[in-house]
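Each chain, letter by letter, is given below.
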Amino acid sequence: LEALVEIAPDPARDAAGRRGASLSVRLDDGQVLAAEADSVPGDPDRPPTAAETRAKLLAYASPALGAAAAERLAEAVLSAPEAAPIATILTPEVP
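Residues numbered from 1 in each chain as written. Predicted model: local features only at pLDDT ≥ 70, side-chain atom pairs only at ≥ 80, totals over all residues. Heavy atoms only, no water.

J.: Can you help me understand the pattern of salt bridges in this one?
T.: Close approach of charged atoms allows side chains of opposite charge to pair. Throughout the structure, instances matching the rule amount to eight salt bridges. We note a salt bridge from Glu36 to Arg13, for which the minimum N-O separation is 3.1 Å. Of this pair, Glu36 sits in strand β2 (residues 32-37) while Arg13 sits in helix α1 (residues 11-15), placing them 23 residues apart in sequence. What makes Glu36 exposed here is its relative accessible area of 52%. We note a salt bridge from Asp38 to Arg18, for which the minimum N-O separation is 2.9 Å. One end of the pair, Asp38, is in the loop between β2 and α2 (50-65); the other, Arg18, is in the loop between α1 and β1 (21-26), and 20 residues separate them in sequence. For Asp38, a relative accessible area of 51% gives the class exposed. What you see here is one network of salt bridges that share partners, running through Asp10, Arg13, Arg18, Glu36 and Asp38. (Salt bridge = Lys/Arg side-chain N within 4 Å of Asp/Glu carboxyl O. Helix = DSSP H or I, 4+ residues; strand = E, 2+ residues; numbered from the N terminus. Buried < 20%, exposed > 50% of the residue type's maximum accessible area, 1.4 Å probe, protein only.)

J.: Which parts of the structure should I look at to understand the pairing of β2?
T.: The two faces of the sheet receive side chains in turn, since in a regular strand these alternate between them. Across six bridges, β1 lies against β2 in antiparallel orientation. Across the sheet, Leu23 pairs through a bridge with Ala35, a residue of β2. (Pairing = 2+ DSSP bridges.)

J.: I'm lost on the packing of α2 against helix α3 (residues 67-79) in this one. Help?
T.: When two helices pack together, their arrangement is given by the angle between the helix axes and the distance between those axes. Contact geometry for α2 and α3: axes closest at 8 Å, N-to-C directions at 145°. Crossing of α2 over α3 shows right-handed handedness. Of α3, the residues touching α2 (which contributes Ala50, Thr53, Arg54, Leu57, Leu58, Ala61, Ser62 and Leu65) are Ala67, Ala69, Ala70, Glu71, Leu73, Ala74, Glu75, Val77 and Leu78. Taken together, the residues that form the contact of α2 with α3 break down as 12 nonpolar, two polar and three charged. (Axes fitted to C-alpha atoms, helices over the stretch in contact; angles between N-to-C directions. Left-handed = near helix turned anticlockwise from the far one by under 90°. Contact = heavy atoms within 4.5 Å. Nonpolar A, V, L, I, M, F, W, Y, C, P; charged D, E, K, R; others polar.)

This is the structure we're talking about:
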């Protein structure tokens, strides 16, 4: 299947500073199905949910901080007021 996949940059999208992707699939009968996404999850128009943010933070922070510290960090980040300075959220952790 990999040999049948072609990936190509979209100069017009890049020049416009747009993220996203276009996808087209040619079926065995010659029919072409196409779809386009003008943004990706996490972009301002598609912000992550609190659950998605928590899952991503735990996935990346747990290996470095340990599960308990990562949970405390997730709780601090998710309960902080919007646009709070990071220094007011984080405190040094000593394992």
